[in-house]
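Geometric and topological summary
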Amino acid sequence: MPSRESPEEAIDILLRRGYDACEIDFESGFWMDYPFAERLGELAREHDVALSVHAPLFGFMGHLEASGRKFTSAVGALDRSAGIVAASGAELVVFHPGFLLGRSRDEAIASVVEQLRTLRERLEKKERAVPFGIEVMGRVRDLGSVDDVVEISRRVGWVRPVLDFAHMHATSDGAFVDADPFEDALALADGVLERGVPFHIHFSDIAFANRNETKHLPYGEGTLRADPLREALSGFERPATVISESPDEESTQAIRSALFGSAGTSSAIRAS
């Protein structure tokens, strides 16, 4: 969010910068109360700004045991994130898939799915049964590949893949340089998304080593570009919300300009 002072200031800044999407940043903790979220949602709907929520980083499922302080904290974080989505009318809660923790990939995925179903029961009782989005991660030897998140989404109908192309560029050792790998990843997500539901995408330039992300870069300092993403999106009859995770405003504007460089795709893309 460009401002935490008031919903009015936040939406005003977004509109002045030319954005029509924004992901509410709770990665480091909650800073917004429910009245703020309700007013933010009202203004976002009035100005056609798509909202999403990124849950705190510790809010993941797939713990070794569905008990204890870490699991309870994770459930609480996802519960509150869902409450903010319900209050604001945002599209979804974005969360991380967790870790292998010494298990096989199949065992870890099964644990995530089981704990998500338990979480859903809690959310339904509180009228917070909103969509969730599980993000592709940037470490090649842990849980969170595009195949992992698509499989979790396939098994859990209210969970959607969140495609982080910076992370995929890192874990592929820089393979996302033309439209083909973008198209392949989008096709995997397209296969599990309901009709009309937007792709939810994270994007920035990225530094990596040994097929693991190291840090997000100003746009142009690495090798990931948005033009192939724009080209790939044009082949799908599905809207897209693209959230920049760049470290500076200039980079986010450059990504936005690249995405809206084709009149054939711009009407279907929301960007922040």
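Numbering of residues starts from 1 in each chain and follows the order in which that chain's sequence is written. Local features in this predicted model are restricted to residues whose pLDDT is 70 or higher, and side-chain atom pairs enter the listing and the counts only when it is 80 or higher, whereas totals over whole chains, interfaces and linings include all residues. By convention in this description, side-chain values take in all heavy atoms of the structure and omit both hydrogens and water.

It is worth spelling out the environment of Arg160 at this point. Put simply, DSSP H or I for four residues or longer makes a helix, DSSP E for two residues or longer makes a strand, and each gets a number counted from the N terminus. Mapped onto the elements of the fold, Arg160 is located in strand 5 (residues 159–164). Sequence separation of Arg160 and Ile13 is 147 residues, and the distance between their C-alpha atoms is 29 Å. Here a residue-residue contact requires only that any non-hydrogen atoms of the pair lie within 4.5 Å. The residues touching Arg160, leaving out its near neighbours within four places in the chain, are Glu91, Leu92, Pro131, Phe132, Gly133, Ile134, Ser153, Leu193 and Val197.

Attention now goes to the side chain of Arg238. Along the chain, Arg238 turns up in the loop between helix 8 (227–233) and strand 9 (240–244). Note on Arg238: relative accessible area 9%, which makes it buried. Of the polar contacts made by the side chain of Arg238, one reaches the backbone oxygen of Glu194; its length is 2.7 Å. We define a polar contact as two N or O atoms separated by no more than 3.5 Å, with the added condition that, inside protein, one atom must be a possible hydrogen donor and the other a possible acceptor, whereas residues neighbouring each other in sequence contribute only through side-chain atom pairs. Among the polar contacts made by the side chain of Arg238, one reaches the main-chain carbonyl oxygen of Val197 at a distance of 2.7 Å. The residues touching Arg238, leaving out its near neighbours within four places in the chain, are Asp190, Leu193, Glu194, Arg195, Gly196, Val197, Pro198 and Phe199. The buried label applies to any residue whose accessible area, calculated with a 1.4 Å probe on protein chains only, is under 20% of its type's maximum; exposed applies above 50%, and partly exposed to all values in between.

With that settled, consider the pattern of salt bridges. The salt bridge definition used is simple: a Lys or Arg side-chain nitrogen within 4 Å of an Asp or Glu carboxyl oxygen. Scanning the entire structure with this criterion turns up 16 salt bridges. One salt bridge connects Glu249 with Arg17, and the closest N-O pair in it is separated by 3.5 Å. Remark: Arg17 occurs in the loop between helix 1 (7–16) and strand 1 (21–25) and Glu249 occurs in helix 9 (residues 249–259); sequence separation between them is 232 residues. What makes Glu249 partly exposed here is its relative accessible area of 31%. Residues Arg128 and Asp79 are paired through a salt bridge, measuring 2.6 Å at the closest nitrogen-oxygen approach. On the criterion of sequence distance, the pair formed by Arg128 in the loop between helix 4 (105–125) and strand 4 (132–135) and Asp79 in helix 3 (residues 68–88) is long-range, its members being 49 residues apart. Residues Arg128 and Asp79 agree in their burial class; the two are buried. Several salt bridges share partner residues, and in doing so they unite Asp79, Arg122, Lys126 and Arg128 into one network.

Turning our attention to a nonpolar patch on the surface. Patch members must show over 30% relative accessible area and no salt bridge, and they are joined within 9 Å when carrying like charges or within 5 Å when they are nonpolar side chains of Val, Leu, Ile, Met, Phe, Trp or Tyr. Here the Shrake-Rupley method, with its probe set to 1.4 Å, supplies the accessible areas, and only the displayed protein chains count as covering residues. Side chains of Leu64, Phe99 and Leu101 sit close together on the surface and give an oily, nonpolar patch of about 290 Å² of accessible area. Using a relative accessible area of 58% as the deciding quantity, one classes Leu64 as exposed.

A contiguous patch of negative charge on the surface is contributed by Asp178, Asp180, Asp184 and Glu231. Following the sequence through the fold, Asp178 ends up in the loop between helix 6 (165–171) and helix 7 (179–190). Overall, the relative accessible area of 39% leaves Asp178 in the partly exposed class. Residues scored as charged are limited to Lys and Arg (positive) and Asp and Glu (negative), so that His and the chain ends carry no count. Taken as the charge location is NZ of Lys, CZ of Arg, CG of Asp or CD of Glu.

Time to look at the packing of aromatic side chains. Ring geometry is summarised as follows: Phe, Tyr and Trp rings, the Trp one being its six-membered ring, pair when their centres sit within 6.5 Å, and such pairs are stacked at plane angles under 30 degrees, edge-to-face over 60 and tilted between the two. This structure, assessed with the given rule, holds 10 aromatic pairs. Each ring, one from Phe26 and one from Trp31, has its centre 6.0 Å from the other, and the planes form 65°; the classification is edge-to-face. Since its relative accessible area comes to 0%, Phe26 is described here as buried. Aromatic pair Phe60 and Phe99: ring centres 5.2 Å apart, planes at 90°, arrangement edge-to-face.

What follows deals with helix 7. Given the number of residues in a helix, its expected span is that number minus one, multiplied by 1.5 Å. Between its terminal C-alpha atoms helix 7 stretches 16 Å, which fits the 16 Å expected from 12 residues at 1.5 Å a residue. For helix 7, the full list of buried residues reads Ala179, Pro181, Phe182, Ala185, Leu186 and Ala189. For helix 7, the angular spread of buried residues about the axis comes to 165°, placing them on one side. Buried positions along helix 7 lie against helix 5 (146–155), strand 5, helix 6, strand 6 (199–203) and helix 8. The distance from a side-chain oxygen at the start of helix 7 to the backbone nitrogen of Asp180 is 3.2 Å, and the residue carrying that oxygen is Asp178. In this description, the arc belongs to the directions extending from the helix axis to the C-beta atoms.

Moving on, we get to the nonpolar core. One finds Leu116, Phe132, Phe165, Leu186 and Ile201 to be the most contacted residues of the largest nonpolar core, which totals 78 residues. Here this core gets 8 residues from one element, more than from any other, and that element is helix 3. Here, the term nonpolar core denotes a set of buried Ala, Val, Leu, Ile, Met, Phe, Trp, Tyr and Cys residues that are joined through side-chain atoms within 4.5 Å.

For helix 9, the complete set of buried residues consists of Ser251, Thr252, Ile255, Ala258 and Leu259. Each buried residue of helix 9 lies within a common arc of 125° when the element is viewed along its axis, so the set occupies one face. The distance from a side-chain oxygen at the start of helix 9 to the backbone nitrogen of Glu250 is 3.3 Å, and the residue carrying that oxygen is Asp248.

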